[in-house]
Amino acid sequence: MAPVSHFRGRRARRSALAATSAIAVLGLTACSIDLSSLRPGGGEEEPSPEPAEPVAAAPLLESALADLAAYPALTATGQVAETVGSSEVRDASLTVADTGATSGTIRANSVEADVLAADGKLFIRAVEDFWLDQGVFGPDFDDFNENWVRSSAAQAGLNPSTTLAPPELSATLAAIELDSEEAVEENLDGTLTYRIDLAGERNQVWINAETEQVQRIAVEELVPEGAETGPQVRLDLAEADTAAVEELYDGIITTAEDDLTGSRDARIEVGWDGNPEMNCEDGPNCTWSGTVRDAGGDGSGEVTVRMDVTFTNADIGEQTCDDGGTLEAGATLDLSCSADYNIVSSTQQTYTIDGEAQLSTRGLTGGQQEEMLAALAEQREATLAGGAAPSEEESAEDGGN
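Residues numbered from 1 in each chain as written. Predicted model: local features only at pLDDT ≥ 70, side-chain atom pairs only at ≥ 80, totals over all residues. Heavy atoms only, no water.

1. Side note on the packing of aromatic side chains
Item 1. Applying the stated criterion to the full structure yields four aromatic pairs.
Item 2. Within the aromatic cluster, the residues linked to one another by ring pairs are Phe 130, Trp 131, Phe 137, Phe 141 and Phe 144.
Item 3. When the ring centre of Trp 206 is taken as origin, the NZ or CZ atom of Arg 216, which lies over that ring, is 5.9 Å away. (Phe/Tyr/Trp six-rings, centres within 6.5 Å; stacked < 30°, edge-to-face > 60°. Lys NZ or Arg CZ within 6 Å of the ring centre and 35° of its normal.)

Okay, here's the thing in structure tokens:
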């Protein structure tokens, strides 16, 4: 994930500078006089500094991870990818509470997106280009642009609630065995740290030598407990202070109150399974029936789907009806609704009725919003008091997505 830099220069100019430097050095050397032998003890070789005492990795890591698990929230800045070797590497800047409540940004292909997670649900707000890059399509794709959309871990690059919440992250790192029994002293961006090598290809943790807190992690597959796979990460970590925790929860609660009930859902590509049917009987009483499916075949979780149907005739006007339900990934959902013009006439009339159906998704229903707000209020209080409250809706609801 490290960036690669390329340098270009003019060789002729660099050679001339090197020659000039050599002349200056020779001139200074010819005029220099070594007086060190005239000082008391002069001429004696100074003893080499003694090598630093080796630092045991296990107790240092255990203490740092125990400290990490107790964070009310952490900030994570760096890079993430959905899987090892993925070509889609995202820059991430996230604040994650001990409850999994998350706010921050990710950047994919130079397009930045806002990220929010609460009560086991993950949302992204981005411009249309972001969703096009993800290959996301759906019946309400036109509503995705710059609006909150219920999303999957694959679309975000990771699920921060299950991966980066301090207690979960601490447990995940603790489950990886040590590759070396000794920590290595290392200067990390100007800070003295101890690097601890973990089992695996390139799994490492850097611990600040002064604070003894985890400063950076680089893990090829950060697999939380109960999951089969996890993202590749290289992240700088820091404990979030009280002000940052309050700002995190206040922002999420405001968004949940004002914006999320109008959100759509991108986790499943909803489409018709075959052709829907329209039938009209005397009345006219018209019925629209159809089956929707996971058209992409690679969706996750379950999505709330709504069908709105409009029946139209130029002489007798419009009638509408709707139906909805929950579509599970890889499954189908039957939808049907009817509208009755109920025209009473002494003479028989024939009407041509046109019908049109529009599918849409809902990222958060009204009932789910109430549950989320109640959970967030409880979690905010618990986090600020020093102990995370459990989410009312476990992230296992949709496979951690």
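There is more to say, and it comes next.
2. With respect to the side chain of Gln 215
Item 1. Turning to its location among the elements, Gln 215 is positioned in strand β11 (residues 214-219).
Item 2. Taking the relative accessible area as the measure of exposure, Gln 215 reaches 18% and is therefore buried.
Item 3. Here Asn 208 takes part through its side chain, which lies 3.0 Å from a polar atom of the side chain of Gln 215.
Item 4. Ignoring any residue separated from it by four or fewer positions in sequence, one finds Gln 215 in contact with Leu 188, Thr 191, Thr 193, Trp 206, Ile 207, Asn 208, Leu 235, Asp 236 and Leu 237. (Helix = DSSP H or I, 4+ residues; strand = E, 2+ residues; numbered from the N terminus. Buried < 20%, exposed > 50% of the residue type's maximum accessible area, 1.4 Å probe, protein only. Polar contact = N/O pair within 3.5 Å; in protein donor to acceptor, adjacent residues only side chain to side chain. Contact = heavy atoms within 4.5 Å.)

3. Considerations on the packing of helix α2 (residues 57-69) against helix α6 (residues 166-174)
Item 1. Running from amino to carboxyl end, α2 crosses α6 at an angle of 160 degrees, the nearest separation of the two axes being 7 Å. One element, α2, and the other, α6, form an angle in the roughly antiparallel class. Touching Leu 65, Ala 66, Leu 68 and Ala 69 of α2 are Pro 166, Pro 167, Leu 169, Ser 170, Leu 173 and Ala 174, all from α6. (Axes fitted to C-alpha atoms, helices over the stretch in contact; angles between N-to-C directions. Parallel < 35°, antiparallel > 145°, perpendicular 65-115°, else oblique.)

4. Overview of the pattern of salt bridges
Item 1. Under the definition given, this model contains 15 salt bridges.
Item 2. We note a salt bridge from Arg 195 to Glu 186, for which the minimum N-O separation is 2.7 Å.
Item 3. Here Arg 195 falls in the buried class, since its relative accessible area comes to 17%.
Item 4. Owing to a relative accessible area of 23%, Glu 186 belongs among the partly exposed residues under this scheme. (Salt bridge = Lys/Arg side-chain N within 4 Å of Asp/Glu carboxyl O.)

5. Looking at the packing of helix α7 (residues 242-258) against helix α8 (residues 366-385)
Item 1. The interhelical angle for the contact between α7 and α8, taken along N-to-C directions, is 170 degrees, at an axis separation of 10 Å. As far as their axial angle goes, α8 and α7 are roughly antiparallel. Residues Thr 242, Val 245, Glu 246, Tyr 249, Asp 250, Ile 252, Ile 253, Ala 256 and Glu 257 of α7 form the contact with α8, whose participating residues are Gln 369, Met 372, Leu 373, Leu 376, Gln 379, Arg 380, Thr 383 and Leu 384.
Item 2. When the residues that make up the contact of α7 with α8 are grouped by side-chain class, the tally is nine nonpolar, four polar and four charged. (Nonpolar A, V, L, I, M, F, W, Y, C, P; charged D, E, K, R; others polar.)

6. A short note on a negative patch on the surface
Item 1. A contiguous patch of negative charge on the surface is contributed by Glu 128, Asp 129, Asp 133 and Asp 142.
Item 2. Its relative accessible area of 45% is what places Asp 129 among the partly exposed residues. (Patch = residues over 30% accessible without salt bridge, like charges linked within 9 Å, V, L, I, M, F, W, Y side chains within 5 Å. Areas by Shrake-Rupley, 256 points an atom, 1.4 Å probe, with all protein chains shown as cover. Lys, Arg positive; Asp, Glu negative; His and termini not counted. Charge placed at Lys NZ, Arg CZ, Asp CG, Glu CD.)

7. Comments concerning the environment of Gln 204
Item 1. Locating Gln 204 in the fold gives a position in strand β10 (residues 203-208).
Item 2. Under the relative-accessibility criterion, Gln 204 is labelled partly exposed at 21%.
Item 3. Contacts of Gln 204, omitting those with residues within four sequence positions, involve Arg 195, Ile 196, Asp 197, Arg 216, Ile 217 and Ala 218.
Item 4. A distance of 3.1 Å separates polar atoms of two side chains, one belonging to Gln 204 and the other to Asp 197.

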